[in-house]
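Observations on the three-dimensional arrangement
Spelled out from the first residue to the last, the chains are:
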Amino acid sequence: MNNQPASVLVCGTTSRWAVLLRRFCSNLRIREARSPELLADLLAENPWSCVAWSIEQSKDATGLTHIQQLKRSFPHALWVGLLNSRELQGDEPIYFEAGFQRMIRSFEELPDVGKLAAVHMQRQALPALSFTASIHSMLPWKP
């Protein structure tokens, strides 16, 4: 695993969402993947990245299979769905069940991706505390 900074990884067949994300989330590093295999390579570089998955067809069983495999391999990634048409909004529950944290229905919601990704990427920098240390950190006094 490289020590690359976390990115927003856009997986889709076109550059549409990547171009829009670069416009609305200029403070984040946006990288593109045209296939689940390339996405896996990019996630291997930094498993804490945010994945923005372009949903292009209804109930895409192959896509959902790839998503499940990638989520098992890279459990620290944040997953956001990018709906390519209003007709796909009925599929949202399927993707939430698959582990997506947010669905984007239009370009007006893209700044939300930037906010979510920034918070998610900040979490990777936080040191992992033991159970006892996490309890102690919440006490109003310091033991």
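Bear in mind the structure is a predicted one, so any value in this text is a computation, not a measurement.

Conventions and cut-offs
Residues numbered from 1 in each chain as written. Predicted model: local features only at pLDDT ≥ 70, side-chain atom pairs only at ≥ 80, totals over all residues. Heavy atoms only, no water. Helix = DSSP H or I, 4+ residues; strand = E, 2+ residues; numbered from the N terminus. Buried < 20%, exposed > 50% of the residue type's maximum accessible area, 1.4 Å probe, protein only. Contact = heavy atoms within 4.5 Å. Areas by Shrake-Rupley, 256 points an atom, 1.4 Å probe, with all protein chains shown as cover. Lys, Arg positive; Asp, Glu negative; His and termini not counted. Charge placed at Lys NZ, Arg CZ, Asp CG, Glu CD. Phe/Tyr/Trp six-rings, centres within 6.5 Å; stacked < 30°, edge-to-face > 60°. Lys NZ or Arg CZ within 6 Å of the ring centre and 35° of its normal. Patch = residues over 30% accessible without salt bridge, like charges linked within 9 Å, V, L, I, M, F, W, Y side chains within 5 Å. Salt bridge = Lys/Arg side-chain N within 4 Å of Asp/Glu carboxyl O. Expected span 1.5 Å × (residues − 1). Arc of directions from axis to C-beta. Pairing = 2+ DSSP bridges. Axes fitted to C-alpha atoms, helices over the stretch in contact; angles between N-to-C directions.

On to the overall build of the protein. Summing up its helical and strand segments, the protein has 6 helices and 5 strands in all. Shown N-terminal to C-terminal, the secondary structure of the protein runs as helices and strands in the order β-α-β-α-β-α-β-α-β-α-α. The burial tally for the protein puts 39% of its 143 residues in the buried class. Excluding contacts between residues fewer than 6 apart, the proportion of contacts in the protein whose partners are at least 24 apart in sequence is 64%. For the protein, the computed accessible surface area is about 8,200 Å², with 55% contributed by carbon and sulfur atoms. Treating the 15 positive side-chain charges of the protein as one cloud and the 13 negative ones as another, the clouds have centres 8 Å apart.

Applying the stated rule across the entire model yields 4 aromatic pairs. On the basis of an interplanar angle of 40° and a centroid distance of 6.1 Å, the ring pair of Trp 53 and Trp 79 is categorised as tilted. Within this pair, whereas Trp 53 is found in strand β3 (residues 50–55), its partner Trp 79 is found in strand β4 (residues 78–83), the two being separated by 26 residues in sequence. For Trp 53, a relative accessible area of 7% puts it in the buried group. Note on Tyr 95 and Phe 100: the rings are 5.5 Å apart at their centroids and 85° apart in plane angle, and the pair reads as edge-to-face. The same class applies to Tyr 95 as to Phe 100, namely buried. Taken together, the ring pairs in this structure connect Trp 53, Trp 79, Tyr 95 and Phe 100 into an aromatic cluster. Of note, Arg 16 hangs over the ring of Trp 17, and the distance from its end group to the ring centre comes to 4.5 Å.

So, about a nonpolar patch on the surface. Nonpolar side chains collect at one region of the surface, where Phe 131, Ile 135 and Met 138 lie side by side and expose about 360 Å² of accessible area between them. Looking at the secondary structure, you find Ile 135 in helix α6 (residues 131–138). Look at Ile 135 and you get partly exposed, because its relative accessible area is 36%.

Attention now moves to helix α3 (residues 61–73). Helix length check: α3 (13 residues) gives 19 Å between terminal C-alpha atoms against 18 Å at 1.5 Å per residue, within 8%. The complete set of buried residues in α3 reads Gly 63, Leu 64, Ile 67, Leu 70 and Lys 71. Along the axis of α3, the buried residues cluster in a sector spanning 125°; they form a single face. Exposed and oriented more than 90 degrees from the buried face of α3 are Ala 61, Thr 62, Arg 72 and Ser 73. For α3, the elements touching its buried residues are α2 (36–45), β3, β4 and α4 (92–97).

With respect to topology, 5 strands assemble into an open sheet ordered β2-β1-β3-β4-β5, the strand pairing being parallel. If you trace the sheet from one side to the other, it starts and ends with β2 (30–33) and β5 (102–104), each paired once. Adjacent strand axes in the sheet meet at a mean angle of 25°, parallel and antiparallel pairs treated alike. Sheet contacts for α2: β1 (8–11), β2, β3 and β4; angle to β2, the most-contacted strand, approximately 145°. Against the sheet, α3 touches β3 and β4, its axis set at about 170° to β3.

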